[in-house]
Amino acid sequence: MTERTLSIIKPDATRRNLTGRINAMLEEAGLRIVAQKRTRLTVDEARAFYAVHRERPFFDSLVTFMTSGPVVVQVLEGRDAVARNRDIMGATNPEQAADGTIRKVFAESLEANSVHGSDSPDNAAIEIAFFFSARDITG
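These notes cover the structure that comes with them. (Residues numbered from 1 in each chain as written. Predicted model: local features only at pLDDT ≥ 70, side-chain atom pairs only at ≥ 80, totals over all residues. Heavy atoms only, no water.)

**Re the nonpolar core**
The following threshold applies: For the purposes of this section, nonpolar cores are sets of buried Ala, Val, Leu, Ile, Met, Phe, Trp, Tyr and Cys residues that join through side-chain atoms within 4.5 Å. For every residue, the accessible area (1.4 Å probe, protein chains only) is compared with the maximum for its type, and the residue is labelled buried under 20%, exposed over 50%, or partly exposed between those bounds. Under the scheme used here, helices are H or I runs from DSSP no shorter than 4 residues and strands are E runs no shorter than 2 residues, and both carry numbers assigned from the N terminus. Every residue pair with non-hydrogen atoms within 4.5 Å of one another is taken to be in contact.
Of all hydrophobic cores here, the largest spans 21 residues; its most connected members are Ile8, Met66, Phe131 and Phe132. Listing elements by their share of this core, those giving two or more residues are β1 (2-9), β2 (32-39), α3 (43-49), α4 (59-66), β3 (71-79) and α7 (121-131). It is α4 that provides the largest number of residues to this core, a total of five residues. Residues within four places of Phe131 in sequence aside, it is in contact with Leu6, Ile8, Lys37, Leu41, Phe49, Val73 and Asp136. Counting 15 residues, the second largest nonpolar core, distinct from the first, contains Ala13, Val72, Met89 and Phe106.

**A word on the packing of aromatic side chains**
Applicable threshold: Stacked, edge-to-face and tilted are the three classes for Phe, Tyr and Trp ring pairs, Trp counted by its six-membered ring, which pair at centre distances within 6.5 Å; planes under 30 degrees apart are stacked, over 60 edge-to-face, the rest tilted. A ring is scored as having a charge over it whenever the NZ atom of a lysine or the CZ atom of an arginine sits within 6 Å of its centre and within 35 degrees of its normal.
Counted by the stated rule, this structure contains four aromatic pairs. A centroid spacing of 5.3 Å and a plane angle of 65 degrees characterise the contact between Phe49 and Phe130, whose relative ring orientation is edge-to-face. Here the residue Phe49 occupies a position in helix α3, and Phe130 occupies one in helix α7, the gap between them amounting to 81 residues. Taking relative accessible area as the criterion, Phe130 reaches 35% and is therefore assigned partly exposed. Each ring, one from Phe49 and one from Phe131, has its centre 5.2 Å from the other, and the planes form 50 degrees; the classification is tilted. Here Phe131 lies in helix α7 and Phe49 lies in helix α3, a separation of 82 residues in the sequence. Neither Phe49 nor Phe131 differs from the other in exposure class; each is buried. An aromatic cluster is present here, built from Phe49, Tyr50, Phe130 and Phe131 joined pairwise through their rings. Its end group placed over the ring of Phe132, Lys37 keeps NZ or CZ at 5.0 Å from the ring centre.

**Quick word on the side chain of Thr14**
We count it as follows: Counted as a polar contact is a pair of N or O atoms within 3.5 Å, where, for protein atoms, one must be capable of donating a hydrogen and the other of accepting one, and residues adjacent in sequence contribute only when both atoms are in side chains.
Turning to its location among the elements, Thr14 is positioned in helix α1 (residues 11-15). Within the local environment of Thr14, its side chain forms a polar contact with the backbone oxygen of Pro11, the two atoms lying 3.3 Å apart. Each residue touching Thr14, except ones within four places of it in the same chain, is listed here: Ile9, Thr19, Arg38, Pro70, Val71 and Val72.

**Remarks on the sheet that holds β2**
For clarity, the threshold we go by: Strands qualify as paired when DSSP identifies two bridges or more between them. Angles shown run from 0 to 180 degrees and are taken between the N-to-C directions of axes, each axis being a line fitted to C-alpha atoms and, for helices, limited to the stretch in contact.
A sheet is described by the order of its strands in space; here four strands give the open sequence β2-β3-β1-β4, paired in antiparallel fashion. The open sheet is flanked by β2 and β4 (115-117), the only strands paired with a single partner. Each strand of the sheet is rotated relative to its neighbour by a mean of 20 degrees, with strand direction disregarded. Direction of pairing for β1 relative to β3: antiparallel, over a ladder of eight bridges.

Written out as structure tokens, the structure reads:
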């Protein structure tokens, strides 16, 4: 089934000019980029976006990291886009990520792991709406 998912290229990757290489990996995996923008999250935006982690011990450092530089937020579209994106991203911990995945190839650490992706179709819809209006998405 064709679906959409949110992808964020994180500050560690934008700092190292990896946007094009990461996008190439996503496109080679069969995903289309149907919306994209480079932005810098405010502290309030990062806190709101990652609110699900508010009680976790890493929340403050995550917010600090995600506001430390520009990010590229994008909507990916394709067959089983959520699962496909998660497969190409690799495990959250880059040490556990499969060879050839974005996190295995590019991540600097568990936190600076280069990309974020929605974990379910329901969360994808919520996360996409956080950053994009329907008019922004050109499927």
